[in-house]
Amino acid sequence: MISELEKFKALLDDQYTWPAPYLFKFIVPSTELKNLEEMVEGNKLSEKPSKNGKYTSVSFTSVCNSSDEVIQMYQKVSTIPGILSL
């Protein structure tokens, strides 16, 4: 049985030729924004606060050398409470 992670990895490898720029998008509670910024330091972030300021939409493009690097980034930021990966 193929796991969701294996399916995602296969999809990335099918869609991209590595190394390649990859667009990451997240929605994070504004109280956790600093934590995300520290985790993805070195990337130019585009941030947009929600209407009431409770959440912030964050996106950035990073050149990744493999699908494993993309997956590692998602796993790294998944430790932030309340983050949503898009």
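Residues numbered from 1 in each chain as written. Predicted model: local features only at pLDDT ≥ 70, side-chain atom pairs only at ≥ 80, totals over all residues. Heavy atoms only, no water.

Remarks on the overall build of the protein chain
The following threshold applies: Only DSSP runs of H or I covering at least 4 residues are called helices, and only runs of E covering at least 2 are called strands; the numbering of each starts at the N terminus. For every residue, the accessible area (1.4 Å probe, protein chains only) is compared with the maximum for its type, and the residue is labelled buried under 20%, exposed over 50%, or partly exposed between those bounds. In these tables, accessible area is a Shrake-Rupley quantity obtained with a 1.4 Å probe, and a residue counts as shielded only by the protein chains included in the view. Asp and Glu count as negative and Lys and Arg as positive, but His and the ends of the chain are not part of the count. To locate a charge, the coordinates of NZ of Lys, CZ of Arg, CG of Asp or CD of Glu are taken.
Regarding its fold elements, the protein chain presents three helices and four strands. Moving toward the C terminus, one meets the helices and strands of the protein chain in the order α-β-α-β-β-α-β. Along the first, second and third principal axes, the C-alpha atoms of the protein chain reach 40 × 30 × 20 Å. The burial tally for the protein chain puts 30% of its 86 residues in the buried class. With the model as given, the accessible surface of the protein chain reaches about 5,800 Å², and the carbon-plus-sulfur share is 54%. Of note, the protein chain has its 9 positive side-chain charges centred 10 Å away from the centre of its 11 negative side-chain charges.

A look at the packing of aromatic side chains
For any pair of aromatic rings, geometry is given as the distance between the ring centres together with the angle between the planes. The line we're drawing: Here is the rule: rings of Phe, Tyr and Trp (six-membered ring for Trp) pair when centre to centre is within 6.5 Å. Planes less than 30 degrees apart are stacked, more than 60 are edge-to-face, and the remainder are tilted.
In the structure shown here, the tally under the stated rule is ten aromatic pairs. On the basis of an interplanar angle of 25 degrees and a centroid distance of 5.2 Å, the ring pair of Y16 and W18 is categorised as stacked. Looking at Y16, the relative accessible area reads 29%, which means it is partly exposed. Seen from their ring centres, F24 and F60 are 5.2 Å apart, and the 20 degrees between their planes marks the pair as stacked. Of this pair, F24 sits in strand β1 (residues 20–29) while F60 sits in strand β3 (residues 55–64), and the two are 36 residues apart along the sequence. F60 sits in the buried class, given a relative accessible area of 2%.

These figures come from the coordinates and say nothing about function on their own.
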